[in-house]
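# Reading the structure
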Amino acid sequence: MRVSRSQRRLLLWLLQECGVKDVPSLKAYEELERQLRVQVGVPTTMHKSDFGNIFYSNSISSIICKDFSHPDLAKNIVIYPDESDRPISDFSQADYFKDLPRSELSPSYYRHEKHYFVNELSRLQTQEYFIPRVWITRFGEVYARGQYVSFDVEAGMLRVQSDETLVKAIELKDNFCDLATTQRLPVMIDDHGEIIDASCSPDREIAGGDDLVVICVPLFCDDVSGARSKQYQKHINIYTANWSLPSRFLQQESSVRFISTSPTATGCEQFVPVLDAVKASQMNPMRCYNAATHRFCRVRLRVPCLPADNPQQSEESSHAGVNANCKCRRCKKGGPPEVRESDDGYHELYTCGSAHRTVSDTRSEVQEQLRLACLGVEKPISNMQTRTGVKDKIACHWIEKLLARARQLKIAQPGISEADLVRDGLTWLGTQTSQPMNPLLNVPNLDPHRDTPVELLHTWLLGVVKYVWHMLHTSWTDAQRNTFVIRLQDTDISGLNIPPIRAAYMMQYRHGLIGKHFKSLAQTMAFKTYGLTTPAQAQLLRAMGELSAMLWVTQILDMDAHIQDVTLLIGNVLDAFANIDPARIIVKEKLQVLPHIVEDIRRFGPAPRYSTETYECFNAIFRLSSVHSNHQAPSRDIAAKMADIDCVRHIVTGGLWEDTDGCWTRAGPDVLSTFRDSPLLQHHFGWTLETPPPSAGSVQLPPRTRRVHLQTRQTCASSSEAVRPASFPFDSSWILGASVISRSGDVCTQHSWVIVTDNEGLMMTGQIAEILVPAMASALDAAHEGTSFVVVERFLLGSVRHPTTGCPVLRPPRPDTKVFEVICSTAVSLLLNVQHDCEAAKCAIAASSRTVRQERQDTGIREAGVAHNSDIRFYLINTHALHNAALLRQYLPRSLLVPLPLYDDRLKRHHELATGLRVTEARKRAETQKKRAETRQKKVQQGGTAVPGSSRLARSARAMDVSDSVPGPQEIQHPASLGSDGCDQNGFDGDGLSGRLQPVAGDRSAGEGTSGLSGIDSTCAPTTRCRDDDRGTEVARQKRRRLD
C-alpha cells in the first residue's frame, strides 16, 4: 500500500499521541527507510530496447539472493535432482533434469570443509578412486553417480570403468586438490585405451572457494490492465519464481517475484536484460549468503520453462498462433486444407505430431524471412508465415523496415540485383541491432517450443471446458436453462473444495464466466444435465469430467501408468468433440496443443505445479501499485514499489541482510514474533508459515451454547443394525461433535461421505450419521484422537459403473433399513464427493423449503429445488472431482476407474471423419467464395474500387519512415468483439482477448500521439503498427480516397 508523505507524518503523530516511546521524526524515518532500501532492497535499473522503448526492471540475481539469505527458504531449497522412490509432486523429481546436460546441473558438493566437483578424481574412505558425474538426492541424502577408477598395473595408468555406480556422498574422503598435492596423479584411460582428461574442473576456479549451485527460475509474461475500472490500461509484466523450492512454497503468493513492466515495451524486449543476467551467471555466478549453511555460495540461473497463456506462449516461441495453417506451437501438424483434411493429416491433429518444432528450424525460418524482406516483396513472407506458422514479433519490426528500405532502393536504382539488395539490407540490419529476432531463441538449453508447457487455466478451463459450456447453454431453451440452474444449485459440494455454487449468477452471466466457475462446472455438469443433452454431448461431458480429475492430480504414484491414462482420456475428449463437430479441432488451437500436456507432465511434473493461477493472482498486487502511479513513468514507479515490497517482506518474515559493518543481521525478536503470531500479517504478505496439520481423528466441538447432549440409547449407535467395536462404552453420555479430521487432513462433518476402515479392518464407504464425543470433553473445544467415535451409515460399492457418467455406484445393503458402523474417529481415511442418482430415481423439481434472501432478509418467496426420491437411495461417487482424486484411486478398485477408449481403432474412426470432412469443408469454401464474389460484384456495381496493396505489411511500409534515426514503432491494437463461441473475430480465444488490447485513446498512460486512433482505417488488422499522428493522417487520407 502506497502511503504519502503527509500520511506518514500523520501516522507518526498518532504514535506519539498514543504514548509510544522513541517515535522517530519524519526525517529520521525517511533516512532509515533509505538505508534499508540500499542494504536490503532490490536494485532497479533502466533499459532501452532496440525499438527505442525505455523500461525498468528489478535484478533477478538480487531476488534469488534474497531467498538464500532467508533461513526459512534456504533450508528448503533443492539444488540436486531428487530421485527418491516416492510419489512425484515437485519439479525436482521430474524428467527435466534427466534431459538436461549434466554440465548444466549443480556441480559441487561440500563436506569436511572440502568441495568436491563433478568430473574430478576423488578418493573414498575405502581408499578406492571415484569420479562423480552427477549429484542427486534420495530421501534427503546426497548421492554421487559416477565411475570407479582402478589402477592398471600393466599399463601403469588409472582405468576408468564404463559402468556408473551410485555412492553416498558422505563416503567421499579426499577431493582432487588433496590428491594433487599429496601425489602425482597417473594418466587416466577408459576401457578403450583412450586418455581421459584428469585436470581440475573449470567450475572450481569459477566457484572461488564457494559452493556452486544451479537455481531454476521460470519466466512468466502476461499483459495486465493497470486500472481497476473497465478502462483497459495495457501493461506487459514479467514475473518469476524460485522453482528450486518445494511445491508447498510455490503455491503461495509470496513465491511470485516481480521483474519488470512496461506499457510500451513488448515481452520479448523485456526478456533481453533478464536473459542477459541469466547468461552472465554462467561464467560469473552471483555470490549469495546461504542462511542454511552459513556459508557463501555462487548461483547460476537456469530458465526451465515459460508459463503463460496460449497467445503469449505463441509469441515467445515465434509462432503465428491461430492465424497459421499449422496452429500448434509445439509441432508441425496441420497445414493447408489438402493436408489437414487428408486421412493421415487429420489423424495427426489428434496426436503430438510426427515432426516437432525446434529452435534451429525456427531460427532458420526467421532468418529466411529477413532475407526475403531485403527483396522488398511482402507476399512471399506472408505466405511463408502462414505455411510454416513461424512469425517472430521482433523480426516483424525489422521486416517492415527492410521492405520499405528495399522498395526505396528499387526506385533509386531500378536495375539493382537481388544479391545486392540482400547484401545491402542485411548490412544495414547489422548496424541497427545485434538481435533481430526473439531473444528466447538464443538461450542455451531453452527451447521455447518444448518449454512452453500446456497450462491448465487457459488451455483446459478457459479452453476445453469453456467450449463445452458454450455448446450446451446455447443449445438449450430458457426452460432447459432454468432446469439446469435448479439442479446445479442442488449440488452437494462437500468434498469438492470449491466455493458455494451460484447457479443463477453463472447462467445469467454465462458468456463471462472465469476460471473458478469453469472448475466447478467441470466437476458437476455431468450429473446435472440428464435429459438436457444428446448422447454425443453426454459422452463429451463424461470424457471431460474424467480427464479433469486426472489433470489435477498433484501426486503421481506411477508416472508411466498416469501418462497412459491421461493420454487415453485426452483421446476420448478429442474424439467426443469430433463426434459433434469434426472441424472443431482444425480451428481450435487449444484442442491441437492439448495432447502435448502428457510430455509436459513427464518433463515438469504434475500439471497443477506449473499452472499460472498463482501468477494471475499476483496481478492484483501489481494493480495496487499501478493505480497510485501518476503514469508519467509507470515502469519505474511500479518497479521501485515492487522492490520496496520485497524489501519489507524480507525484513518482516525473518530474512537476513548485510549491514554497513559487513555483518549479517535480521529484524529483532519483537518484529518477528509479531509476524509469526499474526495471521492477518501473514495473509497480507501472502506468506503462510509451516504449521503442523491437525492430527487425524481429532474432533472439533460446536460452540457451548449449541452443544447437544445425548445418551447412547438416543444415538444411531444403539440401533440393532449397528456394528460396534469392543471398546465402545454403551452406557455413557455423549456430545454431538461438529467435525472430525480424516487421515487425508480433510474436515468431515455430519452427512459427509467418507471412506473408513471398519471394525474388521476392511475399507468401507459410507455417510457420517453422528460424531460422538464423551461428555467429559464438554469443558474442552476439541477432543483428542482415540477418545471419540463416528457412526457411519454403510453403503455397498457396485461392481459396474453408471452408464452415463461412468462413476461407481453406491447402494444401501438393505433397501428399507439403515445399517450403521461405529468406528473410532481415527479410522476415517478420506473425504469424497457423492451425488444422488437423480436420473435413476426420477427426482422432480418442486418448491423447496428455502426462501429467497435479499438484502440479508427473507423475502418469503420460495425457491424451486430438487425433490429427491427417498425410496431409491442410489448414489454416485464423483470421480470427476479434483480434490483427493489421486487418493480416491488408491482405495477404489481399478476396474471402476480404468479409462475406457471411445474407439478401439481411432485411426479408422479419424479416417471416416476425414472423408466426410472433405465434403463439408469443400462446400463451405465454395459458399464462401460465392459470397465473396457476390460482394465484390455488388461493390463494383455501386462504383466502389479496391485499393491495391492494402495489406498490413504494405500499409505499414508505405506509412513508415525508413530513416535510421527514427525510433521503433509503437504498437496500437484495436479491441475485437467476442463471437458467440467465446472467441474474438480474429480467432483468438477469450482468455487471450483482454491481453491483446492497447490503452484506449485519451488515456494518460498511453503516452502522447495516441489521440489519433479515430483516424485509423477500420480494415487494419489488430496488430497494425502506427508510429505517430502522421501515420493516422495518411491512413485517413487513404480511407477518404476509397470512399470517394
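For the structure itself, look to the data block above.
The following paragraphs examine the structure supplied in this document. By convention here, each chain's residues receive numbers from 1 onward along its written sequence. Reporting in this predicted model follows two pLDDT cut-offs: at least 70 for local features of residues, and 80 or more for side-chain atom pairs to be given and counted; totals over whole chains, interfaces and linings ignore these cut-offs and use all residues. Note that the side-chain values use all heavy atoms of the structure and ignore hydrogens as well as water.

### Considerations on the sheet that holds strand β13 (residues 211-216)
Inclusion rule: Pairing between strands is defined by DSSP: at least two bridges between the two strands are required. Helix numbering and strand numbering both begin at the N terminus, where a helix is a DSSP run of H or I of at least 4 residues and a strand a DSSP run of E of at least 2. Orientation is described by lines fitted to C-alpha atoms, with helices fitted over the stretch in contact, and by angles between N-to-C directions that extend from 0 to 180 degrees. Contacts are assigned to residue pairs with any non-hydrogen atoms lying within 4.5 Å of each other.
Spatial ordering of the open sheet is given by β13-β18-β17, a layout of three strands whose pairing is mixed. For this open sheet the edge positions go to β13 and β17 (286-290), each flanked by a neighbour on one side alone. Pairwise comparison of adjacent strand axes, ignoring direction, gives a mean angle of 45 degrees for this sheet. Running at roughly 20 degrees to β17, helix α3 (residues 60-68) makes contact with β13, β17 and β18 (295-302) of the sheet.

### Details of the packing of helix α18 (residues 478-489) against helix α20 (residues 515-528)
Put simply, the test is: Crossing handedness is defined as follows: a turn of the near helix away from the far one that is anticlockwise and smaller than a right angle gives a left-handed crossing, while the clockwise case is right-handed. Throughout this entry, Asp, Glu, Lys and Arg are counted as charged residues, while Ala, Val, Leu, Ile, Met, Phe, Trp, Tyr, Cys and Pro are counted as nonpolar. The remaining residues, Gly among them, count as polar.
Two elements in contact, α18 and α20, have axes separated by 10 Å at closest approach and are oriented at 115 degrees. Crossing handedness for the pair α18 and α20: right-handed. Seen from α18, the contacting residues are F484, R487 and L488; seen from α20, they are L521, T524, M525 and K528. Considering only residue class, the contact of α18 with α20 consists of four nonpolar, one polar and two charged.

### Let's talk about the pairing of strand β2 (residues 54-58)
Direction of pairing for strand β1 (residues 44-48) relative to β2: antiparallel, over a ladder of five bridges. Within β2, the residue paired with T44 across the bridge is N58. Between β1 and β2, which pair antiparallel and follow one another directly, the connecting turn spans five residues, one of which, G52, has a positive phi of 90 degrees. Judged from the two bridges that link them, β2 and strand β16 (residues 257-262) form a sheet pairing that is antiparallel. Counted as the bridge partner of S57 is S260 from β16.

### Re helix α22 (residues 559-580)
Going by this rule: Helix span is expected to be 1.5 Å times the residue number reduced by one. Polar contacts, as used here, are pairs of N or O atoms within 3.5 Å; protein pairs need one atom able to donate a hydrogen and one able to accept it. Residues neighboring in sequence count only if both atoms are side-chain atoms.
Its 22 residues place the ends of α22 32 Å apart at the C-alpha level, agreeing with the 32 Å of an ideal helix rising 1.5 Å per residue. Capping of α22 at its N-terminal end is provided by D558; its side-chain oxygen lies 3.2 Å from the backbone amide nitrogen of D560.

### Regarding the packing of aromatic side chains
Formally: Centres within 6.5 Å are what make two rings of Phe, Tyr or Trp a pair, Trp counting through its six-membered ring; a difference in plane orientation under 30 degrees is then read as stacked, over 60 as edge-to-face, and the rest as tilted. Relative accessibility thresholds used throughout: buried, under 20% of the residue-type maximum; exposed, over 50%; partly exposed, between the two (1.4 Å probe, protein chains only).
Tallying each qualifying case throughout the model produces 31 aromatic pairs. Relative to Y350, the ring of Y346 has its centre 5.3 Å away and its plane inclined at 70 degrees; by these criteria the two rings are edge-to-face. Each member of the pair, Y346 as well as Y350, carries the same accessibility label: buried. Between W398 and W428, the ring centres sit 6.3 Å apart and the planes meet at 70 degrees, which makes this aromatic pair edge-to-face. With W398 in helix α15 (residues 393-412) and W428 in helix α16 (residues 418-432), the pair connects residues that are 30 residues apart, well separated along the chain. Across the pair, exposure class does not vary: W398 and W428 are buried alike. Feature note: the residues F91, Y96, F97, W243, F604 and Y610 constitute an aromatic cluster, connected by ring pairs.

### Topic: the pattern of salt bridges
Heads up, the condition is: Think of a salt bridge as a Lys or Arg side-chain nitrogen and an Asp or Glu carboxyl oxygen that are within 4 Å of each other.
Throughout the structure, instances matching the rule amount to 50 salt bridges. Put simply, E315 and K393 hold a salt bridge, and the shortest N to O gap is 3.5 Å. Separated by 78 residues along the polypeptide, E315 in helix α10 (residues 310-316) and K393 in helix α15 bring together distant segments of the chain. For E315, a relative accessible area of 13% translates into the label buried. Among the salt bridges present, the one from D646 reaches R649, with a minimum N-O distance of 2.4 Å.

### Thoughts on α15
Residue pairs three or four apart in sequence face the same way in an α-helix, which turns once every 3.6 residues. Here α15 contains 20 residues, and its C-alpha end-to-end distance of 29 Å stays within 8% of the 28 Å for a straight helix at 1.5 Å per residue. With 14 of 20 residues buried, α15 lies mostly within the body of the structure.

### So, the environment of I597
Here I597 is to be found in helix α25 (residues 597-604). Classification of I597 by relative accessible area gives buried; the value is 1%. Spatially, the C-alpha atom of I597 lies 8.8 Å from that of T567, the residues being 30 residues apart in sequence. The residues contacting I597, other than those within four sequence positions of it, are V454, L456, L551, I570, A607 and Y610.

### Overview of unusual backbone geometry
The phi angle at E113 is positive, at roughly 60 degrees, despite the residue not being glycine. When its relative accessible area of 71% is taken as the criterion, E113 is described as exposed. Not every positive phi belongs to a glycine, and S318 is a case in point at roughly 55 degrees. One can find S318 in the loop between α10 and α11 (337-340).

### Section: the pairing of strand β32 (residues 820-824)
In terms of burial, β32 is a largely internal element, four of the five residues being buried. Pairing analysis gives two bridges linking strand β23 (residues 722-723) to β32, with the strands arranged parallel. If you follow A722 over to β32, its bridge partner there is F820. Looking at chain direction, strand β30 (residues 789-801) and β32 are connected through five bridges and run antiparallel. Within β32, the position partnered with V791 by the bridge is V822.

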